[in-house]
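Structural overview
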Amino acid sequence: MTDPSKNKTFAASNALLKQALATIPTGSQTFSKSHIQFPDGHAPLFVDRAQGAHFTDIDGNVFVDLAMGLAAIGLGYCDPDVDAAIREQLACGISFSLPTRLEAELAELIVDVVPSAEMVRFAKNGSDVTSAAVRLARAYTGRERVLACGYHGWHDWYIGTTTRDLGVPGSVRVLTDRASANDPETVATKLAEHPDGFAAIIVEPMLLDNPKAALSEIRALANRSGAVLIFDEVVTGFRFALGGAQQLYGVTPDLTCLGKSMANGMPLSAVTGRRDIMRLMEDIFFSGTFGGEALSLAASLATIRKIRKQGVVEHLWAMGGRLQTRLRQTIAKYGLGDLLSVMNEPCLGFIAVSEGRGNSQAVNRTFMLAEMIRHGVFMNGSLTICHAFGEEDLQKVAEAFDSFAERFSRELEIPGLEARLPYPPITPIFTVRAPNAEKEG
Ligand SMILES: Cc1ncc(COP(=O)(O)O)c(C=O)c1O
């Protein structure tokens, strides 16, 4: 396959990858940011800087970013209000020997906006707080078994349920089962398999066909079985609605996990929920040196206040809705509906890619990523936009997708796309969500 004129060069990225691989396994701290997840030699691998909805790679290529730091950025890179709050706190210090007033202030704000929140504890990563929620549920119920419906992070209790379970003891693996929140029947079946009961059902409340009905049914199943219902809103929090998916769908869990965009890129997560369960924090052990780190707390206060005041969620829904419509029109225009579909709520879409027309899913998906990158749009399969994503960005993504779809439809007419690709198909880390939506850990 000849590479057309729009080719970007990634010489600096490829050179730095070689250097990084000598001292950093996978060359990255996050699987989904690692070179193994992008078309080899045809993708940026390292960022130099970012602003608004864009980033510049170390070769000087500029991209509209549809991954937004794996959904860690909701407002935009270098948001002026959040950055000002970070600078103001920086002048007073970062980490201290005692808590600061920021902790109570942010806890009160979260209690104000998240329906299930009565008490709050902070940590750094989503995995910290999903694991804390599971420990709380075990302490509260006196039971050990957990039912997981989604992706919940890297810790043993969860990752032991995936194919990436190397290093997880069998005695831990057997305590977690998997079910699909999209099919509450599978939840009911799993609950019935273990009459001694589950401590928790943990659900990622997105990518559901009929979310309100499914979540209500799972809420009822948790009530009947005595399991603590945990919503993992690490992605959906402050994005589906100010109060998360639970507010949007009107279903309140017992505990909620928050993270990602709550501090617009600063490392912060939170577990919150019913006072009687959260009070068990006094008896279990959940404690870390950096839980009260002040720059992230200040950033989160500024982020949530801005989301509340400036119609951020409304913007994500409106822009995301228009983007999804444009992409669906393009899919229909080129007759690609058998291979591509746009899914999830407008505020956070995904493009699901299927196998077909003689190609594996990986071949079709890798071709899409490479073509979008070639046209200046960085994507990992999600349509994660931010408040700074504007009209020009919408236009650029729609045009890039049209160019990809036009070329894809031509390439599909000639058998053997894989053999013509100048890069190997990307192997997914593992599939944990709906069909073809790979994890983003
Ligand atoms: C729904 C969900 N829960 C938990 C996590 C884990 O968060 P972290 O990677 O910050 O530990 C992720 C990360 O992608 C996630 O998407």
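Counting of residues starts from 1 at the beginning of each chain's written sequence and follows it residue by residue. It should be noted that, the model being predicted, local features are given only for residues of pLDDT at least 70 and side-chain atom pairs only at 80 or more, the latter also being counted only at that level, while totals for whole chains, interfaces and linings use all residues. Think of the side-chain values as coming from all heavy atoms in the structure, minus any hydrogens and water.

1. Observations concerning helix H1 (residues 11-23)
Short version of the rule: Accessibility here uses a 1.4 Å probe with only protein chains present; expressed as a share of the type maximum, an area under 20% marks a residue as buried, one over 50% as exposed, and anything in between as partly exposed. Secondary structure follows DSSP: runs of H or I at least 4 residues long count as helices, runs of E at least 2 residues long count as strands, and numbering of each begins at the N terminus. What the arc describes is the spread of directions from the helix axis to the C-beta atoms.
Turning to H1, its buried residues are Ser 13, Leu 17 and Ala 20. Buried residues along H1 cover an arc of 75° about the axis, so they all sit on one side. Along H1, the residues that are exposed and aim more than 90 degrees away from the buried face are Ala 11, Lys 18, Gln 19 and Ala 22.

2. Examining the sheet that holds strand E8 (residues 228-232)
Here is the rule we go by: If DSSP finds at least two bridges between two strands, the strands pair. In this analysis, axes come from line fits to C-alpha atoms, helices being fitted only over the stretch in contact, and the angle between any two N-to-C directions falls in the range 0 to 180 degrees.
Read from one edge to the other, the open sheet built from seven strands follows the order E4-E10-E9-E8-E7-E5-E6, with strand pairing classed as mixed. Either end of the sheet is taken by a strand with one partner, and the two such strands are strand E4 (119-123) and strand E6 (176-178). When strand polarity is set aside, the average angle formed by the axes of neighbouring strands in this sheet is 20°. In this structure, strand E5 (residues 145-149) lies alongside E6, joined through three bridges in parallel fashion. Following the sheet pairing, Ala 148 is matched in E6 by Arg 178.

3. Considerations on the domain arrangement of the chain
Where we set the bar: For the domains described, the bounds stem from an automatic or database domain assignment. When checking whether two residues touch, look at their non-hydrogen atoms; a contact exists if any pair is within 4.5 Å. Put simply, buried area is the surface a 1.4 Å probe can reach on two separate parts but cannot reach once they are joined, added for both. Counted as salt bridges are all cases of a side-chain nitrogen of Lys or Arg within 4 Å of a carboxyl oxygen of Asp or Glu. Each polar contact in these results corresponds to two N or O atoms within 3.5 Å; when the atoms are within protein, one needs to be able to donate a hydrogen and the other to accept it, and residues that are neighboring in sequence are counted only if both atoms are side-chain atoms. Residues were grouped as follows: Ala, Val, Leu, Ile, Met, Phe, Trp, Tyr, Cys and Pro as nonpolar; Asp, Glu, Lys and Arg as charged; and all remaining residues, including Gly, as polar.
Taken domain by domain, the chain consists of domain 1 (11-77 + 312-420) and domain 2 (95-292). Placing a centre on the C-alpha atoms of domain 1 and another on those of domain 2 gives a separation of 29 Å. Listed per partner, the contact involves 19 residues of domain 1 and 16 residues of domain 2. Here domain 1 and domain 2 share an interface that buries about 1,400 Å² over both sides, 61% of which is from carbon and sulfur atoms. Taken together, domain 1 and domain 2 are joined by zero salt bridges. Here domain 1 and domain 2 share eleven residue pairs in polar contact (both at pLDDT 80 or more) between them. Those elements giving two or more residues to the side of domain 1 that touches domain 2 turn out to be helix H2 (68-71) and helix H13 (312-333). When residues in the side of domain 1 that touches domain 2 are grouped by element, the largest group, three residues, is from H13. Class assignment of the residues belonging to the side of domain 1 that touches domain 2 gives a composition of 14 nonpolar, four polar and one charged.

4. Considerations on the nonpolar core
Note that soluble globular proteins tend to have their nonpolar side chains buried in a common cluster. We count it as follows: By nonpolar core we mean a set of buried residues, namely Ala, Val, Leu, Ile, Met, Phe, Trp, Tyr and Cys, connected to one another through side-chain atoms within 4.5 Å.
Among the nonpolar cores identified, the biggest contains 112 residues, and Ile 110, Phe 122, Ile 201, Leu 340, Met 368 and Phe 389 are the most heavily contacted of them. Here this core takes nine residues from helix H12 (residues 294-309), the largest share from any one element. Per-domain counts for this core show at least three residues from each of domain 1 (11-77 + 312-420) and domain 2 (95-292). Once you skip the residues sitting within four places of it in the chain, Leu 340 turns out to touch Ile 331, Ile 351, Ala 352, Val 353, Met 368, Phe 401, Phe 404 and Phe 408.

5. Quick look at the sheet that holds strand E1 (residues 47-51)
In space, the four strands of this open sheet follow the order E1-E2-E3-E13, with mixed pairing throughout. Each edge of the open sheet carries a strand with a single partner, namely E1 and strand E13 (377-378). Note: strand E2 (residues 54-57) against strand E3 (residues 62-65), three bridges, orientation antiparallel. Across the sheet, the residue bridging to Thr 56 is Val 62, located in E3.

6. Description of the pattern of salt bridges
Here the structure, examined in full by the defined rule, presents 21 salt bridges. Note that Asp 254 and Arg 274 form a salt bridge whose closest N and O atoms lie 2.9 Å from each other. With Asp 254 in the loop between helix H10 (244-249) and strand E9 (255-258) and Arg 274 in the loop between strand E10 (269-273) and helix H11 (275-278), this pair connects stretches of sequence that are 20 residues apart. With its nearest N and O atoms 2.8 Å apart, the salt bridge here joins Arg 322 to Glu 391. Of this pair, Arg 322 sits in helix H13 while Glu 391 sits in helix H15 (residues 391-412), placing them 69 residues apart in sequence. The network of salt bridges with common partners includes Glu 371, Arg 374, Arg 407, Glu 411 and Arg 420.

7. A look at the environment of His 42
Along the chain, His 42 falls in the loop between H1 and E1. C-alpha separation for the pair His 42 and Phe 10, spaced 32 residues apart in sequence, amounts to 7.0 Å.

8. Focus on helix H3 (residues 80-90)
Spacing of three or four residues puts side chains on the same side of an α-helix, whose turn is 3.6 residues. Within the span of H3, buried status applies to Val 82, Asp 83, Ala 85, Ile 86 and Gln 89. Each buried residue of H3 lies within a common arc of 160° when the element is viewed along its axis, so the set occupies one face. Every exposed residue of H3 that faces more than 90 degrees away from the buried side is listed here: Pro 80, Arg 87 and Glu 88. Contacts from the buried residues of H3 go to helix H4 (101-113) and H12.

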